[in-house]
Amino acid sequence: MNTLRDSGARAFSALVCLFVLSACNSGDASEDKVPTTGSMAGEATIICDAAVYDVMMPALQMHDSAYPHAHITVERLDARMGMQQLMAGNTPGLIIARDYLPDEDSLLQSFDVEHYTEYIFAQDALVFVVRDDYPIDTLSHTLLRRKLLSADPVLRESFPQLEAEPHFVCSNINSSAYANILLKITDMQAPLARFQFAGTADSVFAVVRSAENVIGVALLSQAVKQTDLRMVPVGFMREDGVQIPPRLVHQSRIVMDMYPYPINIRGWLLKGMTQDVVWGTFVYLARDPEVMLYFRDAGIVPEHAHFNLKVSE
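These lines cover the structure that appears in this document, whether it is placed above or below. (Residues numbered from 1 in each chain as written. Predicted model: local features only at pLDDT ≥ 70, side-chain atom pairs only at ≥ 80, totals over all residues. Heavy atoms only, no water.)

## Overview of the overall build of the protein
Link 1 in the chain: The helix and strand inventory of the protein stands at twelve helices and 15 strands.
Link 2 in the chain: Counting over 313 residues, the protein shows a buried share of 50%.
Link 3 in the chain: Summed over all atoms, the accessible surface of the protein reaches about 14100 Å², with 50% contributed by carbon and sulfur. (Helix = DSSP H or I, 4+ residues; strand = E, 2+ residues; numbered from the N terminus. Buried < 20%, exposed > 50% of the residue type's maximum accessible area, 1.4 Å probe, protein only. Areas by Shrake-Rupley, 256 points an atom, 1.4 Å probe, with all protein chains shown as cover.)

## Thoughts on the sheet that holds strand 11 (residues 234-237)
Link 1 in the chain: Pairing within the open sheet is mixed, and its three strands lie in the order 6-11-12. The sheet terminates laterally at strand 6 (139-140) and strand 12 (243-244), the two strands that pair on one side only.
Link 2 in the chain: Inspection of the sheet shows strand 11 paired to strand 12 by two bridges, in the antiparallel sense. Looking at strand 12, one finds that Phe236 is bridged to Ile244. (Pairing = 2+ DSSP bridges.)

## Some remarks on the pairing of strand 7 (residues 167-170)
Link 1 in the chain: By the alternation rule, side chains of strand 7 split into His167 and Val169 and Phe168 and Cys170, which are all buried.
Link 2 in the chain: The pairing of strand 7 with strand 9 (residues 214-219) spans three bridges and is classified as parallel. Each bridged residue has a counterpart across the sheet, and for Phe168 the counterpart in strand 9 is Ile215.
Link 3 in the chain: Looking at chain direction, strand 7 and strand 8 (residues 195-197) are connected through three bridges and run parallel. Each bridged residue has a counterpart across the sheet, and for Phe168 the counterpart in strand 8 is Phe195.
Link 4 in the chain: In the classification by handedness, the crossover that spans strand 7, the intervening helix 7 (residues 176-184) and the parallel strand 8 is right-handed. (Right-handed = clockwise from strand over helix to strand, strands pointing away.)

## Digging into unusual backbone geometry
Link 1 in the chain: Even without being glycine, Met188 reaches a positive phi, approximately 70 degrees.
Link 2 in the chain: Assignment of secondary structure puts Met188 in the loop between helix 7 and strand 8.

## Some details on the packing of helix 3 (residues 79-87) against helix 4 (residues 102-110)
The geometry of a pair of packed helices is captured by two quantities: the angle between their axes and the separation between those axes.
Link 1 in the chain: Helix 4 packs onto helix 3 with a crossing angle of 5 degrees between their chain directions and a minimal axis gap of 12 Å. Comparing the axis directions of helix 3 and helix 4 gives the class roughly parallel. Residue-level contacts link Arg80, Met83 and Met87 of helix 3 to Asp103, Glu104, Leu107 and Leu108 of helix 4. (Axes fitted to C-alpha atoms, helices over the stretch in contact; angles between N-to-C directions. Parallel < 35°, antiparallel > 145°, perpendicular 65-115°, else oblique. Contact = heavy atoms within 4.5 Å.)

## Observations concerning the nonpolar core
Link 1 in the chain: Counting 82 residues, the largest nonpolar core has Met56, Ile95 and Phe121 as the members making the most contacts within it.
Link 2 in the chain: Of all the elements, strand 5 (residues 117-131) adds the most residues to this core, at nine residues.
Link 3 in the chain: Within the second largest apolar cluster, eleven residues are counted, among which are Leu94, Ile96, Tyr100 and Tyr116. (Core = buried A, V, L, I, M, F, W, Y, C linked by side-chain atoms within 4.5 Å.)

## Points about the packing of helix 2 (residues 50-66) against helix 12 (residues 289-297)
Link 1 in the chain: Direction vectors running N to C along helix 2 and helix 12 enclose 155 degrees, while the axes themselves pass 10 Å from each other. The angle between the axes of helix 2 and helix 12 places the two elements in the roughly antiparallel class. In this structure, helix 2 crosses over helix 12, and the sense of that crossing is right-handed. Judged by residue contacts, Asp54, Val55, Met56, Pro58, Ala59 and Met62 of helix 2 engage Glu290, Val291, Tyr294 and Phe295 from helix 12.
Link 2 in the chain: Residues belonging to the contact of helix 2 with helix 12 are distributed by class as follows: eight nonpolar, no polar and two charged. (Left-handed = near helix turned anticlockwise from the far one by under 90°. Nonpolar A, V, L, I, M, F, W, Y, C, P; charged D, E, K, R; others polar.)

## Examining helix 5 (residues 141-148)
Link 1 in the chain: Turning to helix 5, its buried residues number three or more, namely Leu143, Leu144, Lys147 and Leu148. Buried residues of helix 5 fall within an arc of 130 degrees about the axis and therefore sit on the same side.
Link 2 in the chain: Those residues of helix 5 that are buried are in contact with strand 5, strand 6, helix 6 (154-158), strand 7, helix 7 and strand 8. (Arc of directions from axis to C-beta.)

## Structural notes on the packing of aromatic side chains
Link 1 in the chain: Per the stated rule, a full pass over the model turns up eleven aromatic pairs.
Link 2 in the chain: Pairing Phe168 with Phe195 gives two aromatic rings, centres 5.4 Å apart and planes at 20 degrees, and the pair type is stacked. Placement of Phe168 in strand 7 and of Phe195 in strand 8 is noted, with a sequence separation of 27 residues between them.
Link 3 in the chain: Accessibility expressed as a relative area gives 1% for Phe168, which makes it buried.
Link 4 in the chain: For the ring pair Phe195 and Phe197, a centre distance of 6.1 Å and an interplane angle of 20 degrees mean the geometry is stacked.
Link 5 in the chain: Every member of this aromatic cluster is reached through a ring pair, and the members are Phe128, Phe168, Tyr178, Phe195, Phe197, Tyr259 and Tyr261. (Phe/Tyr/Trp six-rings, centres within 6.5 Å; stacked < 30°, edge-to-face > 60°.)

## Re the side chain of His167
Link 1 in the chain: Positionally, His167 belongs in strand 7.
Link 2 in the chain: In this structure His167 touches Arg194, Gln196, Asn213, Val214 and Ile215, once residues within four positions along its chain are discounted.

## Considerations on the pattern of salt bridges
Link 1 in the chain: Applying the stated rule across the entire model yields 17 salt bridges.
Link 2 in the chain: Between Arg76 and Asp54 there is a salt bridge whose closest N-O contact spans 3.5 Å. Remark: Asp54 occurs in helix 2 and Arg76 occurs in strand 3 (residues 70-77); sequence separation between them is 22 residues.
Link 3 in the chain: When its relative accessible area of 44% is taken as the criterion, Asp54 is described as partly exposed.
Link 4 in the chain: With its nearest N and O atoms 2.9 Å apart, the salt bridge here joins Arg296 to Asp297.
Link 5 in the chain: We classify Asp297 as exposed; its relative accessible area is 58%.
Link 6 in the chain: It is possible to trace a salt-bridge network through shared partners that takes in Arg80, Arg98, Asp103 and Glu104. (Salt bridge = Lys/Arg side-chain N within 4 Å of Asp/Glu carboxyl O.)

Next up, the structure:
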């Protein structure tokens, strides 16, 4: 069962060691440099998607240390709730790990509201997590989509070693993890597969550890810390028509466009706030070299970094 995982890990050992972040301040980013006045002082309360709160807070604390006169308070909410607060104008900024849902996009269009100013900080990914002894080694996007849109034993038919059809466990229906299933896999069709909602990502991992036949849904930034669990590789057809086989789930696969479900961690900013302390914070999170190094070491992909990838033989 673990042949793919073990060989993949060996093949990646050299790759990971040579996964290098070079100089981060490129010449085309001059207009996004944080100015020395206006945005480096003041107070604001922003909202952070609960799914990426833990990975974003150290970066926000780095901002606090670098700019002690900029006081940013961060409220933790699930993605759907955070988006509602932004659309109601109750927060000047939102950090979130998903794109607009169709009803949110339609609501903005109905009221002739422009999309929010966006800053992309890093790329995370939607992942599927199982116990190390679980008898599914790999999946394909096609099979995963079929399973999510069916109540039938689709996976058991493909994997006869399964004693029963697995069910999925996710944090909750308002989470960015669940939203990205809709956005990236089911084309906004409600899954018919059985879902269990555990409340938080930590609870998802606890269920995966304790249950016999469950597949957890989470983000890479959450799952990479769970060293006793395994992320299932997913094969897919890339937009350029190249068939990508299942590979070990890792940040370098996102860089190489060899994993099907990358997710942008982004900041959305209310219009008219582009000289505000929240704007300064978002630019810092997107462009600061130390933050980029932190994102790399946290297992995700800093948006504005340059990478030198050397694949081992």
